[in-house]
Amino acid sequence: MLRIAVVGSGPSGVYTAQAVLDQQEALGVPVSVDVLDRLPCPYGLVRYGVAPDHEKIKSLQSTLRLVLERPGVRFLGNVPVGEGGVAPLELRSMYHAVVYCVGAARDRRLGIPGEDLAGSYSATDFVSWYSAHPDAVSHAFPLGGHAAVVIGVGNVAVDVARILARGADELRATDMPQGPLDALAVSEVREVHMVGRRGPSHAKFTTKELRELGTLPGADVVVHEDELAADPGYADPSALSSAARRNVAALRGWAHAPAGPRDRRIHLRFFLRPAEILDDGRGAVRGVRFERTALDADGRVVGTGEFTEIEAQLVLRSVGYRGVELPGLPFDPATGTVPHDQGRVLREGVPSPGEYVAGWIKRGPTGVIGTNRSCGKETARAVLADADALGRRPVVEADPLDALRGAGLAPVEWPGWLGIEEAETALGRTLSRGTVKIADWAGLLEAARRG
Ligand SMILES: Cc1cc2nc3c(=O)[nH]c(=O)nc-3n(C[C@H](O)[C@H](O)[C@H](O)COP(=O)(O)OP(=O)(O)OC[C@H]3O[C@@H](n4cnc5c(N)ncnc54)[C@H](O)[C@@H]3O)c2cc1C
Ligand SMILES: NC(=O)c1ccc[n+]([C@@H]2O[C@H](COP(=O)([O-])OP(=O)(O)OC[C@H]3O[C@@H](n4cnc5c(N)ncnc54)[C@H](OP(=O)(O)O)[C@@H]3O)[C@@H](O)[C@H]2O)c1
């Protein structure tokens, strides 16, 4: 029996567990898989990243659940690997193979003045707050100002702009925790500026997500046609990818639409590079100074030396995620990933026996949920191709669950997670809502204990 630990129960961890089980059935290699997570709840960013108003994508949790309920798989939550938990070296002594699927939890920095002013936050923190991540329960965002700037034009930027522009009434039916819902109910934010440093044909958002902005009942989309026209793909979209062409077409539609009457506005701005987050003189944000950019002869974006300011009391920096180094595991700081060859962790260029990676910590922080499926399959193939050698690796006899408890950890097993689900349904009932997420560690662990 090959004992495998998958560290991280997000899409890449669950898809890796699934692929290992599917492939072992074909190969006839008996395996058991423990899926560990530092949180008491499974599903990674599907629970703690995918926007609450995207119920259909959220419902992927029920597909991931089927894997975690399969015979041969065990979910062990509340097990941090690394700081405050079990070290990678210890884990290797308990399992024949360990697959790290720990994602990319941190935000990238802009490196401009004013980034740490009150009122300037990473989108990562804002998302964690409205998604009930227990590490974010004490976060608070100033929503009393009139305007917000979102820096970046990827899908996360679209998510946070949309959540700011939706009324709390539209979000009440979601599983958003009560604290953020109450805060959004009294939000004064009326103007949301989402700003890209390049042109519309280079924006990273996908068309479905972009178009959704035009369907919000309480918000209008505003674009500046001169900024669209600065992109050669606007006048002649024929050389663009089909995705960019669809984005440009959606933006063109808004440029030609009459001004809307709604209470809130989402401004989509382009060719503006953030230069400084501006101080109101009391250490809080009063706006963002941008340098206007243009395309040079080689199609690269360059500064023009012309600056403009957008007034805002809240700034959300949405410029991508970044992997976090796990002490005891190799890490490439340039890419924020673990060096690997087809999922095999490389130590000084050589595959390290029994150590693997999948998902964002392997590929970097891009790609949708489905991308992690093929990624997990590749890693599972590597694990099972190494099965003979892995089987010869000496591991301690004891059940890893006992060893983890012996190390002072209190793993939350599947019935504990079911207890959390039950408690969230009950909480929703008391608030006359559907399921409402529990947002704090104590509440989650108490619900798990009851389960
Ligand atoms: C805000 C946001 C919204 C998104 N929305 C969508 C969407 O609508 N549709 C879509 O297709 N894609 C979406 N994505 C992309 C998608 O979420 C990712 O492709 C996917 O989650 C990456 O999977 P992963 O398993 O590598 O990482 P994650 O989902 O981040 O999972 C990593 C897991 O590892 C655990 N972990 C981390 N460190 C440790 C440790 N030291 N010890 C133990 N456990 C640890 C974490 O708790 C987490 O559960 C979104 C991404 C973001 C950031
Ligand atoms: N609904 C969905 O399917 C969904 C929802 C959320 C997330 N996701 C996925 O999750 C992944 C991560 O999304 P993301 O939005 O965090 O990342 P992303 O797609 O990489 O977008 C990052 C954005 O930040 C900009 N940026 C980076 N550095 C900057 C700087 N120094 N100054 C100004 N702008 C800067 C980028 O512009 P440049 O292009 O110029 O670098 C880009 O617009 C993506 O693959 C995304 O598709 C999917």
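In this report, we go over the structure that sits alongside the text. Not measured: the values here are computed from a predicted model.

### Focus on the overall build of the chain
Alright, step 1. Along the backbone of the chain there are 19 helices and 18 strands.
Alright, step 2. Computed over its C-alpha atoms, the radius of gyration of the chain comes to 23 Å, within 12% of the 22 Å expected for a compact globule of 451 residues.
Alright, step 3. Overall, the chain is about 70 × 55 × 40 Å in size when its C-alpha atoms are taken along their principal axes.
Alright, step 4. For the chain, the proportion of its 451 residues judged to be buried stands at 53%.
Alright, step 5. Considering only contacts in the chain between residues 6 or more positions apart, those separated by 24 or more positions represent 74%.
Alright, step 6. Roughly 19,100 Å² of accessible area belongs to the chain as shown, and the carbon and sulfur atoms make up 53% of that amount.
Alright, step 7. If you average the places of the 51 positive and of the 56 negative side-chain charges in the chain, the two averages end up 3 Å apart.

### What about the site of ligand 1?
Alright, step 1. Residues in close proximity to ligand 1 total 30 residues, the closest being Ser 12, Asp 37, Val 81, Gly 367 and Ile 369.
Alright, step 2. Arg 38 has a polar backbone atom sitting 3.1 Å from a nitrogen atom of ligand 1.
Alright, step 3. If you list the elements that add at least two residues to the shell around ligand 1, you get helix 1 (11-27) and helix 7 (155-165).
Alright, step 4. Looking at the shell around ligand 1 residue by residue, the class counts come to 17 nonpolar, 10 polar and 3 charged.

### Topic: the packing of aromatic side chains
Alright, step 1. All chains considered together, the criterion is met by 8 aromatic pairs.
Alright, step 2. Ring centres of Phe 75 and Trp 414 lie 6.0 Å apart, and the angle between their planes is 85 degrees; on these two criteria the pair is classed as edge-to-face. Of this pair, Phe 75 sits in strand 3 (residues 73-76) while Trp 414 sits in helix 18 (residues 414-430), placing them 339 residues apart in sequence.
Alright, step 3. Classification of Phe 75 as buried rests on a relative accessible area of 1%.
Alright, step 4. The ring of Phe 307 has Arg 289 sitting right over it, with the charged end atom 4.2 Å from the ring centre.

### Structural notes on the sheet that holds strand 13 (residues 301-311)
Sheets are built from strands that pair by backbone hydrogen bonding, the pairs being arranged parallel or antiparallel.
Alright, step 1. Spatially, the 3 strands line up as an open sheet ordered 11-12-13, and their pairing is antiparallel. The strands lining the two open edges of the sheet, one partner per strand, are strand 11 (272-279) and strand 13. The mean angle between the axes of side-by-side strands here comes to 25 degrees, regardless of whether they run parallel or antiparallel.

### With respect to unusual backbone geometry
Alright, step 1. Despite not being glycine, Asn 78 shows a phi value in the positive range, around 60 degrees.
Alright, step 2. Along the chain, Asn 78 falls in the loop between strand 3 and helix 5 (88-94).
Alright, step 3. Judged by its relative accessible area of 16%, Asn 78 is buried.
Alright, step 4. Positive phi outside glycine occurs at Phe 271, with the angle close to 60 degrees.

### Details of the sheet that holds strand 6 (residues 120-122)
Alright, step 1. Strand order in the open sheet made by the 6 strands is 6-14-7-8-10-9, with parallel pairing throughout. The strands lining the two open edges of the sheet, one partner per strand, are strand 6 and strand 9 (219-223). Averaged over all neighbouring strand pairs, the angle between strand axes comes to 20 degrees, with direction disregarded.
Alright, step 2. Where strand 7 (residues 147-151) lies against strand 8 (residues 191-195), 5 bridges are found, and the strand directions are parallel. Residue pairing across strands places Ile 151 opposite Val 195, the latter belonging to strand 8.

### Notes on the site of ligand 2
Alright, step 1. Surrounding ligand 2, one finds 22 residues, the nearest of these being Val 153, Arg 197, Arg 198, Glu 209 and Gly 367.
Alright, step 2. For ligand 2, a nitrogen atom lies 3.1 Å from a polar atom in the side chain of Glu 209.
Alright, step 3. Note that an oxygen atom of ligand 2 is positioned 3.4 Å from one of the backbone N or O atoms of Ser 318.
Alright, step 4. About the coverage of ligand 2: the protein hides 83% of its 930 Å² of free accessible area.
Alright, step 5. Top element by residues in the shell around ligand 2 is helix 7. It accounts for 3 residues.

Quick notes on the rules
Residues numbered from 1 in each chain as written. Chains lettered and ligands numbered in written order. Predicted model: local features only at pLDDT ≥ 70, side-chain atom pairs only at ≥ 80, totals over all residues. Heavy atoms only, no water. Helix = DSSP H or I, 4+ residues; strand = E, 2+ residues; numbered from the N terminus. Rg over C-alpha atoms; globule rule 2.2 N^0.38 Å. Buried < 20%, exposed > 50% of the residue type's maximum accessible area, 1.4 Å probe, protein only. Contact = heavy atoms within 4.5 Å. Areas by Shrake-Rupley, 256 points an atom, 1.4 Å probe, with all protein chains shown as cover. Lys, Arg positive; Asp, Glu negative; His and termini not counted. Charge placed at Lys NZ, Arg CZ, Asp CG, Glu CD. Near = heavy atom within 4 Å. Polar contact = N/O pair within 3.5 Å; in protein donor to acceptor, adjacent residues only side chain to side chain. Nonpolar A, V, L, I, M, F, W, Y, C, P; charged D, E, K, R; others polar. Phe/Tyr/Trp six-rings, centres within 6.5 Å; stacked < 30°, edge-to-face > 60°. Lys NZ or Arg CZ within 6 Å of the ring centre and 35° of its normal. Pairing = 2+ DSSP bridges. Axes fitted to C-alpha atoms, helices over the stretch in contact; angles between N-to-C directions.

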